[in-house]
Amino acid sequence: MSQEFRLDKGGFINRDKKISFKFNGKQYFGYEGDTLASALIANGVHLVGRSFKYHRPRGFFGAGVDEPYAIVQLFRNNETDPNIKATEQELFEGLRAESVNCWPNVNFDIGAINNFFRMFIPAGFYYKTFMWPKSFWYKLYEPIIRKAAGFGKASIKHDQERYEHKYEYCDLLITGSGPSGLASAYAAAKNGAKVILAEDKPRFGGSLLTTDVNIGNQTGVEWTKKIISELKSMSNVIVKNRSQVFGYYDHNMLVMNERLSDHLPKTEKYTPKQRLWYIRAKEVIISSGSIERPLVFGNNDTPGVMLSSAAKEYIKVYGVIVGKKPLIFTNNDSGYETAIEFKKNGIDPLVLDTRNDPKSDIINEAKSLNIKIKISHVVVTAKGYKKVKSADIAKISDDKKHLSEIENVACDCICVSGFWTPSIHLASQSGNKSTFSEEIDAFIPDKSKQRETTVGSAKGIFTLEETLENAFESGFNLSKKITNNDNKISVPSVVEKKFTNHDKFWCVPLPKGKNYKRFLDFQNDVAVSDIELALREGYRSIEHVKRYTTLGMATDQGKTSNLNGLQLVSDVENKVVPQVGHTTFRPPYTPISIGAIVGREVGKHSKPTRKSPMHEWHKKNNAVFVDAGIWLRPRYYKKGNENLFEASKREAKNVRQNVGVCDVTTLGKIDIKGPDAAEFLNRVYTNAWLKLPIGKARYGVMLREDGIVMDDGTTTRISENHYHMTTTTAQAANVLSHLEYYLQLVWPELNVNVVSTTEQWAGAAIAGPNSRKLLQKLFTNKDVSNESLPFMGYTEGDFFGINAKIYRISFSGELAYEVNVESDYGNFMWEKIMEVGKEFNIQPYGTEALSTLRIEMGHVAGSELDGRTIPYDNSLEGLVSKKKDFIGKRSLDKAAFIRPDREKIVGVVPLDKKTSIPEGSYLVKDPKAKLPNPKLGHVSASCWSVEYDNPFSLAIIKDGKNMIGKKLYALSPLKNKSIHVEIVSSHYVDPEGKRVRS
Amino acid sequence: MLYIKCPHCGMRSQNEFAYGGDATVKRPELNKEISDSEWNNFVYLRKSPRGKHLELWQHISGCRQWIKVERDTLTHEIFKTFKAEE
């Protein structure tokens, strides 16, 4: 297919390299250096999508980040991306893209019926219509709206691409490589500052790529090339293209998205698709330029209506003309530049200028080129549905209120220019309040809030000479502050065309008897009439108008719509724009993929995975793992076809009958040293610690200041001033911070040091009636009798040549020991235990069996110490000292805590001795009572008691002690279960604790 | 992301720190008889000032020291940072 709208020459594309691509299933070609938009326009394709609400045909409006319409679904290397702007997507071989927001296809879209019913879809339509009946929302309204709305579909596949994050520090970050960005970067770099220059487009130069100017006897393009190549050669400068600085956060941290691979058919090996840069800059120069403002007239959203600057960019950068019969509609001199470009390429434009007597160099130039100009003329409405075919134009009175006779002129595109809006998004995000400039009818940055300086047209400076002067000055001054160097570069001489004033006119009045839709926000289908309606309905604050009408929302963030919306509100409200104020600009400035934000923190990389030194052994022995905090722990060891229930029962039973071994490496361990260690523990734990002898362990409970149990564990006195504390796996980090808080801030007078030793020790719990016999064989030279190593005793021993620490503590309720060796010997220890233990029928057991053992013993764990219970609730009153003070003690007197019917821990057994009670079940008196059924308590943990071979659960229940022996019901609405149960003691097995002391 | 000057380590990014609440709260002395309302004030009641606020942060991924930070809750401006004992 020939490219009807491609010029024979011109642009920065590589005409030697053809690239084929598919749009909506049809094959086209473009050239290297094209965007999808420029290639489609070259091929005469102007219909690319449907609008958000009315499904009106959508073409191209801009040529870059400002594009509100041309959003496509992109297919690349077997992946798909929604929300891609065709104006930003560079062409690559094999690119495939499809229209979004249309069904069944873009040419025939059923949703377009909304367009004819649009009188029924006014502002706030969704809020007004879908409110009733309420039950219809989830089933009917929402699914339909969801299907009809939105731009494209997210991929449901796991994204195989790699995204990276990078942290960088610099003296100056410069956002945008137009004339002001280049000048300030060059001045700062030459003065020794560490500079990052970021450009969101593939090509550097910004407006210099499309304007005929001369800098230091070179064209703008030549000058750009020279500056960029020099900057790139400097070691103190990072120059990045395809990199969008999209967010300005606190303390001068900015985030930039570098798209390294989106322009390639597939991502190269060892290169990420995108890289997110977190940049902490000492100073920021915002040189983000400005975006042309639309003019508002009837059906101004018809494909073929576009920004005049975009039309110029398509000619100058891509050698593409957007139409062969262009109409230029302008209120300032910029439109003439576009007209001249058309004329130079052999196409006759017609210029409509809203001004009644404009005079400037560029208008004279246009006149000398015989360009037809109609002054005091406006476009009343565009005609044509899928593409502009003609325009109704009219002369407008000097007060801009009255239209003369309407005349129809044929045209195939309408290039509009309503003057320029500085891109103040980044400045605004930094906290800069911005101020309204009457001169340019737009907001510009005000006093700096953070360390940011705006230069060039982003600040409302529209002449090149002033821009360069100002930017060189800023770059030099800011760098001097940081580097103290004084190397000033002289500003080059500039030749540019002089412009005259623009016309403040922005919205064409409706002719009598016509009700043309005049759009303000092209992405969200917000028309003049919507804003007027919102105001009539009483919305006053611009923030409310925004939310009610969706003006300036979504991915577009009001890039082209914002100011015209404000103009309208101020006109209707008879206020001036600065009084109305503008809505908040929020990051990101332009859509950023979720992949880039997440970076490498995906799957197993989202948090570190900790493994015990015995992990490989567990794996080899068919362990099924479970996440315990960030640790991986064996849940059970699968034998044959066993399931979780069967395996854990076998493992637990073997502990009760023979001996089992469990990997307890994951327990938090904290070393506590210092002369005041005992006093410190005495304040941290609820029980007494001053008289713990050396070589003894003690169980302790620590509270928060509000009396709630924070954690429990054993602490052992290793020597006079040295204690070894254990915490639960989950709370290890919090407990350490808690201890540090009290030592550093509350009681700095205590001479104590704490340090985490969790990773230093590998731990194995040996539990069961045979455990002493096994221990004796492991420590042949050591007396491990009940007399020398009693319950809660501690000793050290020689474990086949290595030093081991032996703690006689028990979580399972059986005679048990925990052996710790240095981590590197962990696997050696484990294998020895398994080898020696063979004759005692040793089996490893996982966390599921461990739970079973502790539940039927009535030992509390995380499911009881759930951040809501105090020691009394868990029958731990024996551990609460009456004599001494400790953290949280004062709170235990609270009325709610000493209420007689306060919740208490109990055991629960189903009457049928068969039905397992789901964890989380409610305990009630009457299962059929009217809802809400009064809840007496809840089941915190359940197991299959291996001792009695029936289900057993722990529960926290009101007035627990007095409930023992009572029959209640356990309700689990989630599992649809109602189980008749009996309340029993929480100490189901060995209530006297004989076994641990045996 | 805030940029916090740890008095022990220098300028570090916020993601190395954990927030620790109001630094002006003083824990009542141990073993001291105090009223319910005094205790409640200490455990639960915190001011939520708009503007300058002296607060605690812990440099958890650094020196693990608790530090005091004088920060504007509205603008996030950090005026000064102190060691725990300062």
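Look up a bit, the structure's there.
Computed from a predicted structure; not experimentally measured.

**Here we look at the overall build of chain B**
Link 1 in the chain: Counting its secondary structure elements, chain B contains one helix and six strands.
Link 2 in the chain: Across the 86 residues that make up chain B, the buried fraction comes to 38%.
Link 3 in the chain: Surface exposure of chain B reaches about 5,200 Å², of which carbon and sulfur atoms provide 46%.
Link 4 in the chain: Separation between the mean location of the 14 positive side-chain charges and that of the 12 negative ones in chain B comes to 4 Å.

**As for the side chain of R71 of chain B**
All names here are of chain B.
Link 1 in the chain: The residue R71 is located in strand 5 (residues 66-72) in this model.
Link 2 in the chain: Taking the relative accessible area as the measure of exposure, R71 reaches 11% and is therefore buried.
Link 3 in the chain: Within the structure, the side chain of R71 is placed 2.3 Å from the side chain of E55, a separation counted as a polar contact.
Link 4 in the chain: Among all residues touching R71, those that are not within four sequence positions of it are L2, G51, K52, H53, E55, H76, E77, I78 and F79.

**Here we look at the packing of aromatic side chains**
Link 1 in the chain: Scanning all chains against the criterion turns up 28 aromatic pairs over all chains.
Link 2 in the chain: Considering the side-chain rings of F799 of chain A and F800 of chain A, the 5.0 Å spacing of their centres and the 85° angle between planes classify their relative orientation as edge-to-face.
Link 3 in the chain: We classify F799 of chain A as buried; its relative accessible area is 0%.
Link 4 in the chain: Aromatic ring contacts, followed pair by pair, group Y741, Y742 and W747 of chain A together with W66 of chain B into a single cluster.
Link 5 in the chain: Positioned over the ring face of F29 of chain A is K18 of chain A, at 4.0 Å from the centre of the ring.

**Digging into the sheet that holds strand 22 (residues 390-396) of chain A**
Residue and element names in this part refer to chain A.
Link 1 in the chain: Reading across the sheet, the three strands line up as 21-22-23 and stay open at both edges, with antiparallel pairing between neighbours. The open sheet terminates on both sides in strands that have one partner only, identified here as strand 21 (377-383) and strand 23 (403-410). This sheet shows a mean twist of 25° between the axes of neighbouring strands, independent of strand direction.
Link 2 in the chain: Pairing analysis gives six bridges linking strand 21 to strand 22, with the strands arranged antiparallel. Note that in strand 22 the partner of A382 across the bridge is A391.

**Digging into the pattern of salt bridges**
Residues and elements named next belong to chain A.
Link 1 in the chain: Per the counting criterion, the structure on display carries 70 salt bridges over all chains.
Link 2 in the chain: Ionic pairing is found between K166 and E168, a salt bridge with its closest N-O pair at 3.7 Å.
Link 3 in the chain: A relative accessible area of 13% places E168 in the buried class.
Link 4 in the chain: As a salt-bridge pair, D353 and R355 come within 3.0 Å of each other at their nearest N and O atoms.

**Some words on helix 19 (residues 677-684) of chain A**
Residue and element names in this part refer to chain A.
Link 1 in the chain: Here helix 19 lies mainly inside the structure; seven of its eight residues are buried.
Link 2 in the chain: Of the positions making up helix 19, those classed as buried are A677, A678, F680, L681, N682, R683 and V684.
Link 3 in the chain: Where the residues of helix 19 are buried, they touch strand 35 (668-673), strand 36 (697-703), strand 37 (709-719), strand 38 (722-727), helix 20 (732-746) and strand 39 (753-756).

**Considerations on the packing of helix 12 (residues 528-536) of chain A against helix 14 (residues 562-573) of chain A**
Residue and element names in this part refer to chain A.
Link 1 in the chain: It is the contact of helix 12 with helix 14, at a shortest axis distance of 10 Å, that shows an interaxial angle of 45°. In this view, helix 12 runs oblique relative to helix 14, as classed from their interaxial angle. Two packed elements cross with a definite hand, and for helix 12 against helix 14 that hand is right-handed. Between helix 12, through V528, I531, E532 and L535, and helix 14, the contact on the second element is made entirely by L568, V569, V572 and E573.
Link 2 in the chain: Residues of the contact of helix 12 with helix 14, tallied by class, amount to six nonpolar, no polar and two charged.

Parameters at a glance
Residues numbered from 1 in each chain as written. Chains lettered and ligands numbered in written order. Predicted model: local features only at pLDDT ≥ 70, side-chain atom pairs only at ≥ 80, totals over all residues. Heavy atoms only, no water. Helix = DSSP H or I, 4+ residues; strand = E, 2+ residues; numbered from the N terminus. Buried < 20%, exposed > 50% of the residue type's maximum accessible area, 1.4 Å probe, protein only. Areas by Shrake-Rupley, 256 points an atom, 1.4 Å probe, with all protein chains shown as cover. Lys, Arg positive; Asp, Glu negative; His and termini not counted. Charge placed at Lys NZ, Arg CZ, Asp CG, Glu CD. Polar contact = N/O pair within 3.5 Å; in protein donor to acceptor, adjacent residues only side chain to side chain. Contact = heavy atoms within 4.5 Å. Phe/Tyr/Trp six-rings, centres within 6.5 Å; stacked < 30°, edge-to-face > 60°. Lys NZ or Arg CZ within 6 Å of the ring centre and 35° of its normal. Pairing = 2+ DSSP bridges. Axes fitted to C-alpha atoms, helices over the stretch in contact; angles between N-to-C directions. Salt bridge = Lys/Arg side-chain N within 4 Å of Asp/Glu carboxyl O. Parallel < 35°, antiparallel > 145°, perpendicular 65-115°, else oblique. Left-handed = near helix turned anticlockwise from the far one by under 90°. Nonpolar A, V, L, I, M, F, W, Y, C, P; charged D, E, K, R; others polar.

Coordinates in, geometry out; function isn't part of it.
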